Amino acid sequence: MAKPNYSFEKRQRELAKKKKKEEKEAEKRARKAAGAAGGTLPGDATDDDGDERADTPDAGETDADRSEGGDIERPA
């Protein structure tokens with residue numbers, strides 16, 4: 001019975017990661033180009049005035065902050 005070629009498998013994983021990363025960067029460049037052209041994307045978190053919508057979380061807020069009540073300090 002032949003033994004597994006771990007080097008080949010590792011190389012295949014590395015190539016898959018590289019391909020995925022390149023696709024992601026290409027998509028990011030396309031989004032940036034579309035944004036620079038003046039178009040807004042469906043996922044933008046701004047309203048027509050360019051202000052951040054009220055239903056979006058603060059930029060620095062995390063899921064943990066929201067579950068803990070954000071900046072509200074609670075007595076221990």
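Read on for an overview of the structure. (Residues numbered from 1 in each chain as written. Predicted model: local features only at pLDDT ≥ 70, side-chain atom pairs only at ≥ 80, totals over all residues. Heavy atoms only, no water.)

1. A few points about the overall build of the protein
Looking only at helices and strands, the protein features two helices and zero strands. When each of the 76 residues of the protein is scored for burial, the buried share is 1%. (Helix = DSSP H or I, 4+ residues; strand = E, 2+ residues; numbered from the N terminus. Buried < 20%, exposed > 50% of the residue type's maximum accessible area, 1.4 Å probe, protein only.)

2. Considering a positive patch on the surface
Side chains of Lys 20, Lys 24, Lys 28 and Lys 32 sit close together on the surface and give a patch of like positive charge. Residue position: Lys 32 is located in helix 1 (residues 6-36). (Patch = residues over 30% accessible without salt bridge, like charges linked within 9 Å, V, L, I, M, F, W, Y side chains within 5 Å. Areas by Shrake-Rupley, 256 points an atom, 1.4 Å probe, with all protein chains shown as cover. Salt bridge = Lys/Arg side-chain N within 4 Å of Asp/Glu carboxyl O. Lys, Arg positive; Asp, Glu negative; His and termini not counted. Charge placed at Lys NZ, Arg CZ, Asp CG, Glu CD.)

3. Here we look at the pattern of salt bridges
This structure, assessed with the given rule, holds two salt bridges. Glu 14 is the partner of Arg 11 in a salt bridge, and the nearest nitrogen-oxygen pair spans 3.9 Å. Within this pair, Arg 11 and its partner Glu 14 are both found in helix 1, separated by three residues, close to a single helical turn. Between Arg 31 and Glu 27 there is a salt bridge whose closest N-O contact spans 3.1 Å. Of the two residues, Arg 31 and Glu 27 are both situated in helix 1; the distance of four residues between them amounts to about one turn of the helix.

4. A closer look at helix 1
Counted at 1.5 Å a residue, the expected span for helix 1 with its 31 residues is 45 Å, and the 45 Å between its end C-alpha atoms agrees. Positive phi appears at Gly 38, one or two residues downstream of helix 1, with a value of about 100°. (Expected span 1.5 Å × (residues − 1).)

Don't take any of this as a statement about function, it's just geometry.
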